[in-house]
Amino acid sequence: MQISEQTLKDLEFNVIQKEIAEFAFTEKVEEFIHRLKPYEDHQILLQDLQTTNEYLTTFETGNRFPFSEYYILDENLSRLEIENYYLPAEEFFKIKANTLQVKEILKYLTAFQEYTPVLFEKASTIHYEKNIVKLIDQVFNKFGEIKDDASPELKIVRDRLRHLNSRITELFNKSMTYHADYLDDIRESVIGNRRVLAVKSALKKRVKGQFLGTSKTGSITFIEPESVQNPRREWEELKEEEKHLIIQILLDLTAQIAAYKPNLEEYQTFLEYIDFTQAKANYAYLINGILPQLSENRIIKLIDAFHPVLYLNNKRREQKTIPQSLEMNENCRIIIISGPNAGGKSITLKTIGLLQLMIQSGILIPVKEESQFGFFSQIFTDIGDNQSIENHLSTYSYRLKQMSYFLKNADDKTLLLVDEFGTGSDPELGGALAEVFFEEFYERNSFGVFTTHYTNIKLSAESLPEAINACMLFDKKTLEPLYRLEIGQAGSSFTFEVAEKNKIPFRLINRAKKKVEREKVSLDKTILKLQQEKFEIQKTKDHVEELRETNLEHNEKLEQTNEKIQQKLYDFQQLYDREQKRLKLGERISDMADSYLKTKNKKLMISNFLKLIEMENSKKTKEVQQLKKIEKIVEKEVKRELKENSEVISQQKQVIEQKEKAETKKKIDALKVGDRVKIHGSSSVGTIDKIKKDTVFVNYGLFTTQINVNEVYKI
């Protein structure tokens, strides 16, 4: 892809690179980001966009990607094959840290393969070699020290050293007791890692041993007792032997690790790629970047697009940024933006170019999901005052030189972005030349966005079917910019209106108007009037849309209220029916009581009563049977759905469980022994005695209780 350094500078791509590089963990990846340019290979570009998007998605799911600081091992890995070379002890820990981090990433990607398919595929060729960590752990303990049993010889030497240390301590303590009368108040000191007696200088001849110095005042003489000198010499000889044994162990371990050099190089390359990906994902999160729709066709469709640099600057100043929306395709591939200065023409031009540059460099962009981007093999820009003092070129000469280059190279895969098209020369002559350039680019089937004040270019755009005018909206009354792009209409330059606002005398403005062709003033007025009318129509349209949305909400609420009323009516009807049944039942029992009062026939009364009960029970039995049938059907349907969605439910359950575990761990990490806590729903304050897994032991003075970490909170 052909992108010049000047284009990258014009579109401020270096600012984006700098922002992304701040998220990188290593200088090596920072440098790579600063060298980042649009991709030549589309497959690699699509892969990097997908991996960045997948990494960004993990921010929202709560299952953060297990990636943290890692180590660049290039220098030491390149020396592994040198004869008799051994890695310093700390390098083995870097190797172990990188290896374990790769293990965690592979484990994570396997668990969440469904959500990170491209990252999983990227990692699928990497083989975790557990023997690397095993070899290192055989030599080093968790504190970074070489184990005593790293070799049999080392164990013997260290056992002897410990014995000698004890012997030296014992002999020194005896000597200190024996010479107590000759010692200063401090009694002892340490010089060169050796314990010495602090002897009063006047009595130093009374103490036999090796002289090792005096205090600053000379009042104290430091002497190592004679009794410890022989054990000390033996100890030093053993320490020297220990050093040689450690070197031999490191040599052996280096040779073993060297066999896994290809794995370690692969791990580092993978971690660098993840570092590069997470830096882009973090930047995307900062600017609300997303992956838009990508197309093989030539298209730029921006929906609510933000210039990322402007967006971040305004966000830091707590100011609002106005998004832009536009579409360029095969049927509308050149846009001419006109209107007064300071209205947002240049920033709109830069937004289009920068977002196109970012997406072709594998960087997510701040647009809506419906936005769509094709790909261009060339992006040419001419933005700002690029006067070249070094080459003795004026601004206009420089711009002509640029145009010459564009005309030689522009084709149907080119995106042109030119600010203040044709300015820098005589308005009529420069405008005519700019119009010819515009027509030439149009005939080359190029895509382009041009900002201009020239009327002839605006008219030319109106006459060409695949070109269109656009303008930046202004408020006619206040002449304040609205920073909104309006497609389909040329913009007025508001020349005389701006002059009037800035209190230029009317007589001078009228004289100026007379000097300008009447048709041009009339056209400018017509454009101004149309622009204002369009602005008013847009305001009305927005108001109507707002009313429509309010009406929809109101209708929704009415429907919900109606549903509630219908449900209540149904409930009342059911209640009424039940009460009616009870009343009828009561009437029949009352009739039976009256009949018995008259006839005193118990047998008849009991017979009628039992019949009544059997009739009621038969009704209930039918209802119960019907309910049971319904329950069986529902149960069968639920089982079928559970079977069909068992995998999805299982995955969701795992995600929930992992999230709960992460939240519990976060709560455990926030607590420590000695913290004052309360149990939810209780006013009593206790102190944490200890924490064991997810259980907290809370001491209330008279008693201690065990409780889950989620049931307490720190005060």
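Residues numbered from 1 in each chain as written. Predicted model: local features only at pLDDT ≥ 70, side-chain atom pairs only at ≥ 80, totals over all residues. Heavy atoms only, no water.

> An account of the sheet that holds strand 6 (residues 300–305) is needed here, citing residue identities and associated values.
The four strands lie next to each other as 5-9-6-7, forming an open sheet whose pairing is mixed. Bordering the open sheet on either side are strand 5 (293–294) and strand 7 (324–328), each of which pairs with just one other strand. Here two bridges tie strand 5 to strand 9 (residues 372–373), and the two strands are oriented parallel to one another. Along strand 9, the bridge assignment pairs Gln293 with Gln372. Packed on one face of the sheet, helix 13 (residues 345–359) meets strand 5, strand 6, strand 7 and strand 9 and runs near 110 degrees to strand 6. (Pairing = 2+ DSSP bridges. Helix = DSSP H or I, 4+ residues; strand = E, 2+ residues; numbered from the N terminus. Contact = heavy atoms within 4.5 Å. Axes fitted to C-alpha atoms, helices over the stretch in contact; angles between N-to-C directions.)

> Could you give an account of the packing of aromatic side chains, naming the residues involved and the relevant values?
In total, this model carries 17 aromatic pairs according to the counting rule given. Considering the side-chain rings of Phe67 and Tyr70, the 5.7 Å spacing of their centres and the 40 degrees angle between planes classify their relative orientation as tilted. The burial state of Phe67 is the same as that of Tyr70; both residues are buried. Taken together, the ring pairs in this structure connect Tyr55, Phe59, Phe65, Tyr108, Phe112, Tyr115 and Tyr285 into an aromatic cluster. For Lys690, the ring lying beneath its charged end belongs to Phe697, and the centroid distance is 4.6 Å. (Phe/Tyr/Trp six-rings, centres within 6.5 Å; stacked < 30°, edge-to-face > 60°. Buried < 20%, exposed > 50% of the residue type's maximum accessible area, 1.4 Å probe, protein only. Lys NZ or Arg CZ within 6 Å of the ring centre and 35° of its normal.)

> So what about the side chain of Asn282? Which residues, and what values?
Here Asn282 is to be found in helix 11 (residues 261–287). A relative accessible area of 18% places Asn282 in the buried class. In terms of polar contacts, Asn282 uses its side chain to reach the side chain of Gln278, at 2.8 Å. Sequence-distant contacts of Asn282, that is, excluding residues within four places in its chain, are made with Phe23 and Phe59. (Polar contact = N/O pair within 3.5 Å; in protein donor to acceptor, adjacent residues only side chain to side chain.)

> Describe the nonpolar core, naming the residues involved and giving the relevant values.
Core analysis: the biggest nonpolar cluster contains 111 residues, and Phe65, Ile257 and Met358 have the highest contact counts within it. A per-element tally of this core places helix 11 first, with 11 residues. The contacts of Phe65, once residues within four sequence positions are left out, are Tyr55, Thr58, Ile105, Tyr108, Leu109, Leu119 and Ile274. Ile334, Ile336, Met403 and Leu464 belong to the second largest nonpolar core, which has 20 residues in total. (Core = buried A, V, L, I, M, F, W, Y, C linked by side-chain atoms within 4.5 Å.)

> How would you summarise unusual backbone geometry if you had to cite specific residues and measurements?
Located in the positive-phi region is Asn84, a residue other than glycine, with phi close to 60 degrees. Taking the relative accessible area as the measure of exposure, Asn84 reaches 65% and is therefore exposed. A positive phi is found at Asn193, a non-glycine position, where the angle reads about 65 degrees. Looking at the secondary structure, you find Asn193 in the loop between strand 1 (183–191) and strand 2 (194–200).

> Outline the pairing of strand 13 (residues 467–474), supporting the account with residue identities and numerical values.
In terms of burial, strand 13 is a largely internal element, seven of the eight residues being buried. Two strands pair when backbone bridges link them, and strand 8 (residues 334–338) and strand 13 are joined in this way by five bridges, in the parallel orientation. Its bridge partner lying in strand 13, Ser338 is registered against Cys471. Across four bridges, strand 13 lies against strand 14 (residues 481–487) in antiparallel orientation. Across the sheet, the residue bridging to Ala470 is Ile487, located in strand 14.

> Residues and numbers for a negative patch on the surface, please.
Together, Asp542, Glu546, Glu549, Glu553, Glu556, Glu559 and Glu563 give the surface a local cluster of negative charge. Residue position: Glu559 is located in helix 19 (residues 518–599). (Patch = residues over 30% accessible without salt bridge, like charges linked within 9 Å, V, L, I, M, F, W, Y side chains within 5 Å. Areas by Shrake-Rupley, 256 points an atom, 1.4 Å probe, with all protein chains shown as cover. Salt bridge = Lys/Arg side-chain N within 4 Å of Asp/Glu carboxyl O. Lys, Arg positive; Asp, Glu negative; His and termini not counted. Charge placed at Lys NZ, Arg CZ, Asp CG, Glu CD.)

> Quick one: what's the story with the packing of helix 3 (residues 27–34) against helix 11, residue by residue and with numbers?
Interhelical geometry of helix 3 versus helix 11 gives an angle of 60 degrees and a closest axis separation of 10 Å. Viewed along their axes, helix 3 and helix 11 adopt a mutual orientation that is oblique. Helix 3 and helix 11 meet at a crossing whose hand is right-handed. On helix 11, the residues that touch Lys28, Val29, Phe32 and Ile33 of helix 3 are Gln268, Glu272, Asp275, Phe276 and Ala279. (Parallel < 35°, antiparallel > 145°, perpendicular 65-115°, else oblique. Left-handed = near helix turned anticlockwise from the far one by under 90°.)

> Break down the sheet that holds strand 16 (residues 685–692) for me, citing the residues and quoting the values.
With antiparallel pairing, five strands are arranged side by side in an open sheet as 18-17-16-15-19. The sheet is open, and its two edges are formed by strand 18 (704–708) and strand 19 (712–714), each paired on a single side. For this sheet the average axis-to-axis angle between neighbouring strands, irrespective of direction, equals 45 degrees. Pairing geometry for strand 16 and strand 17 (residues 695–699), over five bridges, is antiparallel. Bridge pairing in strand 17 links Thr687 to Asn699.

> Tell me about the pairing of strand 1, and please be specific about residues and values.
For strand 1 and strand 2, the ladder comprises five bridges, and the chain directions are antiparallel. Across the sheet, residue Glu188 finds its bridge partner in strand 2, namely Leu197. In sequence, strand 1 turns back onto strand 2 through a hairpin of two residues, with Gly192 there showing a positive phi of about 55 degrees.

> Quick one: what's the story with a nonpolar patch on the surface, residue by residue and with numbers?
A surface patch of nonpolar side chains, amounting to about 420 Å² of accessible area, comprises Ile589, Ile606, Phe609, Leu610 and Ile613. The element contributing the most residues to the nonpolar patch is helix 20 (residues 602–644), with four residues. Structurally, Ile613 is set in helix 20.

By themselves these figures say nothing about function.
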